[in-house]
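The chain contents come next:
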Amino acid sequence: MMAQYLALKAEAGECLLFYRMGDFFELFFDDARRAAGVLDIALTSRGAHDGAPVPMCGVPVHSAEAYLARLIRAGLRVAIAEQVESPEDAKRRAGSKALVKRDIVRFVTAGTLTEEALLNPRRANVLASVCEVREACGIAWCDISTGRMELEECLPGDLGAALSRLCASEVVAPDDWDAGGRATASRPRAEFGSEAGETRLKAVHGVATLDGFGQFTRAMLAAAGGLIAYLDHAGRGKLPLLLPPVARTGATHLAMDEATRASLEILEAQSGGRAGSLLASIDRCVTGAGARLLAEDLAAPLASKRMIDERLAFVRWLHDDPLLRAELRDRLRSLSDIGRALGRLVAERGSPRDLGQIRDGLVEARAIGEMLRGTSDRPPLLEDLLPSLRGHGALTDLLSLAIVPSPSTERTNGGFIAAGYDASLDELRDVSSNARRAIAALEARYRDETGITALKIKHNGVLGYFIEVPSRHADRLMAPDCGFTHRQTMANAARFNSLTLHEEASRIAEAGGRALVAEEAHFEELVAKIASAREAIARTAAAVARIDAAAGQAERAAEGGWCRPEIVEEPCLDIRDGRHPVVEAALAKLGDRFVANDCVLGSDDRLWLIGGPNMGGKSTFLRQNALIVLLAQAGGFVPAAAARIGLVDRLFSRVGASDNLARGRSTFMVEMVETAAILAQASERSFVILDEVGRGTSTYDGLALAWAVAEAIHSGNRCRCLFATHYHELARLAETCPALSLHHVRAREWKKDLVLLHELADGPADRSYGLAVARLAGVPPGVLARARQILDKLEKGRVETGGLAAGLGELPLFAAAAQVTEDHRDTLRQQLQSLDIDALSPREALSLLYKMKQAVAET
Ligand code: ADP
């Protein structure tokens, strides 16, 4: 047995091996140690291997799903080795001591799940594959629970942003790929070939060319090749549901990098988990599919005015008609998850219940379509969706005839095919129910004949049908020639068989067996019918999801008194009475009111410098405006009285952290790397929020950097920007930067108490109220008094010397930039000096010359 186990384990590689033994999956050696730790189950041992006892643990087959879920959540992968022949077959094959054959039937990994119990109904489950082909990164991703698949290409530097948008639960990459600390499933490089990828895609969809699906680059196809090869490997040759791939190209979406996503807490709060995230505060969807789509919309807001306006028009239509919305949402609430049922059925992991769900879902989708057709002034987006809601008449008729009203998830016991669908199945069922009746009659007859009123005919899994009498009557049935054969004696009863009972029981068993075979055949047939309509069914599922997502947005907007944003092309931002949806909800729970604030940016006033005391509401203001842009471009209403939003191409959010040690780099380093990314990437159409940049280092360094960054953003990037800072000195930037204006969050000291008004006002902050905040926080009076003395001294010094920023006003703007050019010239000079001209080929010399010229041109 160990030999068989070790061979399978070698095949399973880094996956834990679930080795089927009877009613248990057993794990051995290191697998057992790891699983026992994660699952908190007993670690035992069995036999010996190389002289040492073998560590072992096991989970019962019937509850394996729950254990699998925990292992997957802990980031592990599992290979399932099943018995692939019966013990009888094994004996027939190789004698009485034969070992039952086992084989790995499936790899269970986070990205390849379809089971309802293992998936979150409100989140897509994304499996992504990445690879580099000639300086370009291909990404292929799919959600096999619904079959969606997309291919895209990006520059290597943008890969992190793309992957963070996808929130993939598993990433597959070639084994020679530098994953940069990401957990990936490594697969042989050979599986990531563009030609192989194209061939596989064609084969999966039975087409001679992919042109009908879109234009795909070599990098996209190579990633797709790797993805399909991995699915093939995980399913042991059985591919799950895959819909035709969609090519996602460049600028259709608002770009956000990983740091921005994390800091805006879009899908998850920084503390981890959904609670406290933007998604959690927005999501009013009543179906899982709607919630999955909303999460996707928020993770990838649009960058096309036309598409945003289409979504907004749909949301407004639903917003303006509360009765229709309520009725629609009521109907959607009972809708089954068609997409995921389809995913399970096509992956051959479906159950009769999934057939019922497809039937009920499609029927309800059609009814919803009919209801919507009865309305007037329908928005174009809905008009486009309506045809997808019908067209399954033949299939739903067939399923209605074939399947009982509420089929179970258990397929092996039968009973899910409806009466009247198949005459021969009905007959078989008649035979067994007649036989059951005959058995009941037999019981009555035996009671009469024997005079034992306590005689019963019973059934169990071991004996099948048998006759049972209390022990004191047993002798009567033991008599020879009385027609009963003794089978078992219990403490209080004795059990018998009889020829007639045996005959009736056999009739039941035979008819039952044949009925099961017939039901199984019908099941396969129906699944095949559904599979052949997979694309149309998936379209229906997607249409219903879009309707639910829009209705959820409309509901949220109505609940919060939100407005429809106006989207324009010119780079402006005009938000009146804006609010932060998450903070507002949190305050409402405490009975506190949120103070709404305006934000008005345009090309001649595009950088707002915001000062004011700690806890005054600066961060909240910054974020609320970023979230309003994000929500608007995702096609939803926004928490404001009015909003006019110039389309944003890239959104950046940076927080000068002092306490968040990401990826082992020093916090300040992280802060600067992120700031550098903004300076390099933000365009005139971007929107940037910078919160206390420079905080992570000493006062002079921090002020100097904040100053230079603000200048560069103002005059170099020229993007819209909100810049919160506690450096008063930065206010002097207003003298040299015409498109920069000063603002502050208001506070008042009242009877020595600090009152934070959370209200934004024009002009620089008059003072920082640092000591008042400290007092509010409970710093002891003695310490505060000492701080006051020190502060007075410092401030006196400031008045005398002109302060930290003395003389900065005279610093010519971008004098620093001139220095950079100078440095650059020096590098060129050094390069020339160290050059060995004789060692260069003419071609190398020429290319070097080009490079140098280009370097000069870039400065
Ligand atoms: P800062 O960045 O200035 O230190 P925050 O934005 O972190 O301040 O705000 C601190 C707290 O003040 C928030 O947690 C919230 O409870 C409250 N707050 C912020 N903005 C508002 C507002 N507009 N209305 C009401 N309360 C607010």
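Here is what the cut-offs are and how they apply
Residues numbered from 1 in each chain as written. Predicted model: local features only at pLDDT ≥ 70, side-chain atom pairs only at ≥ 80, totals over all residues. Heavy atoms only, no water. Axes fitted to C-alpha atoms, helices over the stretch in contact; angles between N-to-C directions. Helix = DSSP H or I, 4+ residues; strand = E, 2+ residues; numbered from the N terminus. Parallel < 35°, antiparallel > 145°, perpendicular 65-115°, else oblique. Left-handed = near helix turned anticlockwise from the far one by under 90°. Contact = heavy atoms within 4.5 Å. Nonpolar A, V, L, I, M, F, W, Y, C, P; charged D, E, K, R; others polar. Core = buried A, V, L, I, M, F, W, Y, C linked by side-chain atoms within 4.5 Å. Buried < 20%, exposed > 50% of the residue type's maximum accessible area, 1.4 Å probe, protein only. Pairing = 2+ DSSP bridges. Phe/Tyr/Trp six-rings, centres within 6.5 Å; stacked < 30°, edge-to-face > 60°. Near = heavy atom within 4 Å. Polar contact = N/O pair within 3.5 Å; in protein donor to acceptor, adjacent residues only side chain to side chain. Areas by Shrake-Rupley, 256 points an atom, 1.4 Å probe, with all protein chains shown as cover.

Enquirer: Whenever I open this one, the packing of helix 12 (residues 322-333) against helix 20 (residues 534-560) confuses me. Can you help?
Expert: Packed helices, taken two at a time, are described by the angle their axes make and the gap between the axes. Running from N to C, helix 12 and helix 20 point in directions that differ by 130 degrees, and their axes come no closer than 10 Å. In terms of orientation, helix 12 and helix 20 fall into the oblique class. Relative to helix 20, helix 12 is oriented so that their crossing is left-handed. Taking contact as the criterion, the partners of Arg-325, Leu-328, Arg-329 and Leu-332 in helix 12 are, on helix 20, Val-544, Ile-547, Asp-548, Ala-551, Gly-552, Ala-554, Glu-555 and Ala-558. A class-by-class count of the residues in the contact of helix 12 with helix 20 yields 7 nonpolar, 1 polar and 4 charged.

Enquirer: Hey, could you run me through the nonpolar core in this one?
Expert: For soluble globular proteins, nonpolar side chains are generally found buried alongside one another. In terms of nonpolar packing, the biggest core is built from 75 residues, with Leu-298, Phe-687 and Leu-722 touching the most fellow members. Ranked by residue count, the leading element in this core is helix 22 (residues 618-633), at 9 residues. Other than its neighbours up to four places away in sequence, Phe-687 contacts Leu-573, Leu-601, Asn-625, Ala-626, Val-629, Val-648, Arg-650, Leu-651, Phe-652, Arg-720, Cys-721 and Leu-722. Counting 30 residues, the second-largest nonpolar core is a separate cluster that includes Leu-355, Ile-403, Ala-515 and Val-527.

Enquirer: Quick question: what am I supposed to make of the sheet that holds strand 1 (residues 16-21) here?
Expert: Across a sheet, paired strands are connected by hydrogen bonds in the backbone, their directions being either parallel or antiparallel. Overall, mixed pairing links the 6 strands, which are arranged 3-4-2-1-5-6 in an open sheet. The sheet is open, and its two borders are formed by strand 3 (44-49) and strand 6 (102-108), each paired with just one other strand. Here the average twist between neighbouring strands, direction ignored, is 35 degrees. Looking at chain direction, strand 3 and strand 4 (residues 52-60) are connected through 5 bridges and run antiparallel. Each bridged residue has a counterpart across the sheet, and for Ser-45 the counterpart in strand 4 is Pro-55.

Enquirer: Just checking my understanding: could you explain the packing of aromatic side chains for this structure?
Expert: The tally for this structure, following the rule as stated, stands at 8 aromatic pairs. Summarising the aromatic geometry, the rings of Tyr-5 and Phe-29 are spaced 6.2 Å apart at their centres and angled 40 degrees between planes, so their arrangement reads as tilted. Of this pair, Tyr-5 sits in helix 1 (residues 2-12) while Phe-29 sits in helix 2 (residues 29-39), and the two are 24 residues apart along the sequence. What makes Phe-29 partly exposed here is its relative accessible area of 23%. With a centroid separation of 5.4 Å and 40 degrees between ring planes, the pair formed by Phe-18 and Phe-25 is classed as tilted.

Enquirer: I would appreciate a short explanation of the site of the ligand in the present structure.
Expert: Among the 13 residues in the neighbourhood of the ligand, the closest are listed as Val-595, Met-615, Lys-618, Ser-619 and Thr-620. Interatomic distance of 2.6 Å between a backbone N/O atom of Met-615 and an oxygen atom of the ligand. When the free accessible area of the ligand is taken as 560 Å², the share hidden by the protein chains comes to 79%. If one sorts the elements of the shell around the ligand by residue count, helix 22 sits on top with 3 residues. Looking at the shell around the ligand residue by residue, the classes come out as 5 nonpolar, 6 polar and 2 charged.

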